[in-house]
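Remarks on the overall topology
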Amino acid sequence: MKKEKNTIYIWVTVITIAAIVLVLYLGAAFYFQSHFFPDTTINGEDYGLKTAETLKEYNVELGGTYLLTVYDRDGNEYTLQGTDFSYAYVDARAEEELLESQNAFVWPVELTKEHACTMEAAWSYDADVLEELILSMDFLNQTEYEAPQDAALTMSKDGLYEITPETYGNTPIGENVVSAVTAAVDAGLTECTLGDDCYVAPEVTAEDEQLAQALEQLQFYQSAVIQYEIEGVEESLSAKEIGEMLVIGEDYAVEIDEDRVAAFVQTLASTYNTYGDVRSFVTTQGDTIEIGGGDYGWVIDKSGEAAQILEDLAGGEPVTREPVYEQTAQVSGLDDIGNTYVELDYTNQHLYYYEDGTLVLDCDIVSGKISNGNGSPDGIFKIVYKQSPATLVGENYASDVTYFMPFAYNVGIHDASWRSSFGGSIYINSGSHGCINVPASAAQQLYELLEVGTPVVAYYREAVKLTSNSSKISNAYSYAGE
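All of the points below concern the structure found in this document.

Calculation criteria
Residues numbered from 1 in each chain as written. Predicted model: local features only at pLDDT ≥ 70, side-chain atom pairs only at ≥ 80, totals over all residues. Heavy atoms only, no water. Pairing = 2+ DSSP bridges. Helix = DSSP H or I, 4+ residues; strand = E, 2+ residues; numbered from the N terminus. Axes fitted to C-alpha atoms, helices over the stretch in contact; angles between N-to-C directions. Core = buried A, V, L, I, M, F, W, Y, C linked by side-chain atoms within 4.5 Å. Buried < 20%, exposed > 50% of the residue type's maximum accessible area, 1.4 Å probe, protein only. Patch = residues over 30% accessible without salt bridge, like charges linked within 9 Å, V, L, I, M, F, W, Y side chains within 5 Å. Areas by Shrake-Rupley, 256 points an atom, 1.4 Å probe, with all protein chains shown as cover. Salt bridge = Lys/Arg side-chain N within 4 Å of Asp/Glu carboxyl O. Contact = heavy atoms within 4.5 Å. Polar contact = N/O pair within 3.5 Å; in protein donor to acceptor, adjacent residues only side chain to side chain.

1. Re the sheet that holds strand 26 (residues 404-408)
Spatially, 26-27-28 is the arrangement adopted by the three strands of the open sheet, whose pairing is mixed. At either end of the open sheet lies a strand with only one pairing partner, and these are strand 26 and strand 28 (436-438). Strand-to-strand twist across the sheet, computed as the mean angle between neighbouring axes with direction ignored, equals 20 degrees. Bridge analysis of strand 26 against strand 27 (residues 411-415) gives four bridges, and the strand direction is antiparallel. Within the sheet, the bridge partner assigned to Pro406 lies in strand 27 and is Gly412.

2. Topic: the nonpolar core
Leu153, Tyr228, Leu237, Phe264, Phe281, Ile291 and Ile309 are the most contacted members of the largest nonpolar core, which has 43 residues in total. For this core, the secondary structure elements donating two or more residues are helix 7 (209-222), strand 11 (226-228), helix 8 (239-245), helix 9 (258-272), strand 16 (288-291), helix 10 (302-315), strand 21 (350-355) and strand 29 (455-459). In terms of residues, this core owes the most to one element, helix 9, which gives six residues.

3. Digging into a nonpolar patch on the surface
Taken together, the side chains of Tyr9, Ile10 and Val14 define a hydrophobic patch exposed on the protein surface, amounting to about 340 Å² of accessible area. Within the secondary structure layout, Val14 lies in helix 1 (residues 2-31).

4. Topic: the environment of Asp400
On the secondary structure map, Asp400 appears in strand 25 (residues 398-401). When the C-alpha atoms of Asp400 and Gly48 are compared, they prove to be 132 Å apart, with 352 residues separating the residues in sequence. Setting aside anything within four residues of it in sequence, one finds Asp400 in contact with Ala390, Thr391 and Trp418. For Asp400, the side chain forms a polar contact with the side chain of Thr391, separated by 2.8 Å.

5. Details of the pairing of strand 27
Counting buried positions along strand 27 gives five out of five residues, so the element sits mostly inside the fold. Side chains Val411, Ile413 and Asp415 of strand 27 all project onto a buried face; the interleaved residues Gly412 and His414 project onto the opposite face, where all are buried too. In this structure, the hairpin formed by strand 26 and strand 27 is closed by a connection of two residues, where Tyr409 is found at a positive phi of approximately 55 degrees. Sheet topology note: the strand 27/strand 28 ladder contains three bridges and is parallel.

Right under this line is the structure:
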């Protein structure tokens with residue numbers, strides 16, 4: 001009997017507990033039919049254990065207090081108040097549908113989970129008014145804007161080309177701004193930062209392929225630096241100067257401006273051509289004279305040098321070379337007379353020959369008759385050739401000489417067997433037709449020593465006027481015309 005009572009008691013207890021559990025389960029299930037599970041977030045907001053009605057009340061309230069903050073590219077902010085464009089919440093049962101999607105009968109399992117939900121709320125507003133408000137924002141109504149700038153090829157301080165990146169400026173595109181802000185309102189956002197599509201963009205960026213190819217070509221040309229071999233000076237066609245010769249055309253085509261190349265060559269020639277230049281010359285007597293004229297010196301071949309520069313640039317490699325010369329001198333550089341030369345002091349009627357800086361020969365001379373303007377040409381010349389024997393022929397004379405060494409047109413140094421004396425003032429009234437008469441022994445020695453191309457420095461110490469044809473043709477320093 002006692003055993004039967006215990007059995008009954010156990011079953012009553014089990015049934016009671018089961019009934020209680022069932023009631024609790026059903027009660028909770030009933031509760032979660034109208035409430036969201038714990039740890040439920042909707043659009044980022046916590047709505048755990050809250051009702052759909054609470055969510056709806058929040059959305060209605062949100063519609064009435066809606067405020068959108070718009071940020072432009074410069075960081076300025078502008079606000080749009082929802083009430084100004086009739087912004088309101090539209091009840092489309094979105095809250096109820098979201099709650100109904102929740103299975104209340106599996107609540108024991110869902111209690112341990114997080115539930116992140118999104119809900120597309122519906123909003124109504126006056127679109128025309130909103131557009132007017134957007135278009136009335138200050139940054140859309142400025143009188144001046146910073147326009148975008150395309151990426152460009154520019155020369156840096158060191159003279160090398162580089163790509164200067166594009167800049168975006170702040171010129172807005174009204175219709176794109178309206179679209180971006182309207183989309184933010186449609187999404188119920190409270191902040192909207194305008195993107196690049198809301199502004200006028202540069203057409204060319206630093207990543208442009210044509211721009212990169214043009215830079216490569218520019219750098220190729222600028223690599224072809226030319227170092228000129230000119231004694232005593234540092235002269236080059238630098239990367240910067242090369243850059244200034246380059247022209248960037250349509251579609252970034254790179255070309256070499258041949259006029260600019262020619263201008264550089266002209267400057268090079270003007271600087272280093274010594275032909276006819278006035279030079280300071282220290283005489284054997286120790287004084288310094290200024291003498292120019294003549295046909296001796298360096299002359300750069302301007303067309304040849306320009307063509308060589310174009311060829312060098314096309315190679316794209318550094319080059320070390322001499323300029324292309326039309327005429328050369330014995331010594332490189334601006335001081336091109338050197339230490340081996342003939343010095344003719346017409347005033348003192350004396351000839352000196354220096355070899356490697358040592359006086360090897362000197363003698364008295366008789367130069368051109370100065371009293372009738374037939375004086376010998378002065379200037380800086382060179383020995384053109386040597387001839388032995390030779391016959392000198394003029395308008396009304398013919399003279400046989402053993403040694404003839406011309407340096408200025410048809411004027412040269414030669415022996416004069418018909419003269420018994422040299423030097424002094426003979427040249428003034430009894431001088432030659434223009435040639436330099438020297439004793440036979442000196443002529444022979446000089447002929448044996450001189451090499452073709454040796455400089456000849458001839459000068460007067462006083463002002464003279466030369467009118468002979470040989471002075472004209474040889475570019476004599478003191479030529480005075482007809």
